[in-house]
Amino acid sequence: MTDQWTVRRSGRATKISSVAMVAFGIALFAVPFGFRTDVVQQLTTLCTLLMMAVMWNVLAGYGGLVSVGQQAYIGFGAYATIFLTQHDVTAYLAVVLAALASGVLAVALAPLLLRLRGGQFAVGTWVVAEALALLVALDEDLGGGTGVSLRGLNTIAPDWRRAYTYWLTLGFTLLLLALVFLLLRRRSGAAIQAIRDDEEAAASLGVRIMPLKFMLFVLAGFGCGAAGALTLANTLFIQPQSIFGVQWSAYMLFMVLVGGIGTYEGPILGAILFFLLQDWFAQYGAWYLIGLGAVAIAFALFLPRGLWSLADDRLPFRLLPVGYTLRPAG
Amino acid sequence: MTLLRVENVEARHGLLQAVRGVTFGVTEGEILALIGANGAGKTTLLRTVAGAHPLSGGLISYDGSYLTGVPAHRRVRRGIAYVPEGRRLFPEFTVEENLLVAGRRARSGRWNLTTVLEAFPALQPLRGRLASRLSGGQQQATAIARALMTNPRLLLIDEVSLGLSPKAVEEVYACMTVLRESGTTVILVEQDLGRALSTAGRVICLLEGRIALDAKTEGLTRDEVVTAYFGFHQARPA
């Protein structure tokens, strides 16, 4: 007779690292009190990139839904913020409402897009993004093709405006990270990753495919909408061809691929790396983009599990308790 | 008691009709082997019962109710588990994670992590290993153990020994003893006729989508099997 087995989600080291990460996240709220405003603005940019990376990873890394059209929600979130401020909603409340509206847009699009598989899904999401960009460009009230500024924030002193935007962005980032964590912690976490690996095999084990895909799709829509609205709050001006641009999908793909697709920590690492590369090399224009592509290809060929795998393979414990470990009971 | 009833079932792959008017029943606790040449319709029939392939005609009833329109995940909740061809483990999951995915909404029953690891002791030292790093035999054992975690009454196993070394086949067929002892009803698709006939109590041979033979394995002659398998009488040596 063998021992009884029990499932453990975390050990002592994992609990300590989890608490440290949460404490670090909360401590980041103090940044505006100790750093220059340009640092605060840059950290806001980093947070929006991180949100996008985490959301794309939720879709592609966990759900196997490779989207090249998440810019639809980024643009929709930004333009919904413009629309709401034009209707006398205060700017920061508009950002929150725009994020929720992006989630609603995802709910509406899900029945259409989730019917598609693989390449069809990727192309379908891109088509939706392009269609939305065209609709916005045709609407003169939203600035047409020339772009539009966010009103309502110019009455706030620049230092405080940047701090408020940063706090809201950090709040959204932590919220999204917490939602993804909870998703993976729950029983649905393993089911979601099973769908990614093999949809038919997952269904043959009792996993409900469509409700889980729907949940991921809507969460990613909400998160990308929030990222778009906060990008607008950070830059104060948008144009349809840039905010609905496919480059956002390329950036998300880069961050997730380089960081480590299908891992919790990978996209965070990827977003930081991408932010630094953008900061150091963006002035090189086309060569910078070529360099990004080359790096992504190199990672896909030589380190397909991303940068995080280098640390993960060496750590004797998981940083966050999102996996399972069997231990003999007693 | 008849657990599964397949009545005049038809299934297609586009214009190709893979299963043509197949009718048979399976009683509780029975081990049934589906045999036949490549393209005979065995896998399609098994997938149709599992809900992984659409039914184009006929009816399938399980435990007294029809399965028409019931999606695969609901069939699992009713007690039908499916081990697909090629094992289809989740490669990025460890053995234990593969088992836990199946156990997350399992029916109540005798199978849980402890009993499964007890029944498959070879998996105990491998529980932390990624599924992609297992040998073929270990993968098949994990796939069967994973299906058992759903506490099935009817277990469908496709291509039990395909692509496995003789030693791995031995290991996998040791699992069949566990299944027989647990009283689980099993339909297995097997290319190895010797194995199929020695394991199952009954055999159905498909030929071009139709049943060419449905008989108890006990007393079945080699000639009868060969005739059904190839669709012609073997010439006897003079």
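Everything below is about the structure shown above.
Predicted model, so just to flag it, every value in this text is computed and none were measured.

### Focus: the overall build of chain A
Reasoning step 1: When helices and strands are tallied, chain A shows 15 helices and four strands.
Reasoning step 2: In terms of overall size, chain A behaves like a compact globule, its C-alpha atoms giving a radius of gyration of 20 Å where 330 residues would be expected to give roughly 20 Å.
Reasoning step 3: Projected onto its principal axes, the C-alpha coordinates of chain A cover approximately 75 × 50 × 40 Å.
Reasoning step 4: The 330 residues of chain A split such that 52% are buried.
Reasoning step 5: Partitioning the contacts of chain A with sequence separation of at least 6, the portion at a separation of at least 24 is 81%.
Reasoning step 6: For chain A, the computed accessible surface area is about 14800 Å², with 68% contributed by carbon and sulfur atoms.
Reasoning step 7: Within chain A, one finds 20 positive and 16 negative side-chain charges whose respective centroids are separated by 12 Å.

### Examining unusual backbone geometry
Reasoning step 1: You will see that A:Leu236, though not glycine, has its phi angle at about 70°, which is positive.
Reasoning step 2: Among the structural elements, A:Leu236 can be located in the loop between helix H10 (209-235) and strand S3 (237-238).
Reasoning step 3: The phi torsion at B:Asn151 lies on the positive side, around 55°, for a residue other than glycine.
Reasoning step 4: Following the sequence through the fold, B:Asn151 ends up in the loop between helix H5 (136-148) and strand S7 (154-157).
Reasoning step 5: Residue classification places B:Asn151 among the buried residues on the basis of a relative accessible area of 6%.

### Here we look at the side chain of A:Thr85
All names here are of chain A.
Reasoning step 1: Relative to the assigned elements, Thr-85 resides in helix H4 (residues 71-86).
Reasoning step 2: On the accessibility criterion, Thr-85 (10% relative accessible area) is buried.
Reasoning step 3: A distance of 2.8 Å separates the side chain of Thr-85 from the backbone oxygen of Ile-82, its partner in a polar contact.
Reasoning step 4: Those residues in contact with Thr-85, other than ones at most four positions away along the chain, are Ala-91, Ala-94, Leu-150 and Arg-151.

Parameters and conventions
- Residues numbered from 1 in each chain as written.
- Chains lettered and ligands numbered in written order.
- Predicted model: local features only at pLDDT ≥ 70, side-chain atom pairs only at ≥ 80, totals over all residues.
- Heavy atoms only, no water.
- Helix = DSSP H or I, 4+ residues; strand = E, 2+ residues; numbered from the N terminus.
- Rg over C-alpha atoms; globule rule 2.2 N^0.38 Å.
- Buried < 20%, exposed > 50% of the residue type's maximum accessible area, 1.4 Å probe, protein only.
- Contact = heavy atoms within 4.5 Å.
- Areas by Shrake-Rupley, 256 points an atom, 1.4 Å probe, with all protein chains shown as cover.
- Lys, Arg positive; Asp, Glu negative; His and termini not counted.
- Charge placed at Lys NZ, Arg CZ, Asp CG, Glu CD.
- Polar contact = N/O pair within 3.5 Å; in protein donor to acceptor, adjacent residues only side chain to side chain.

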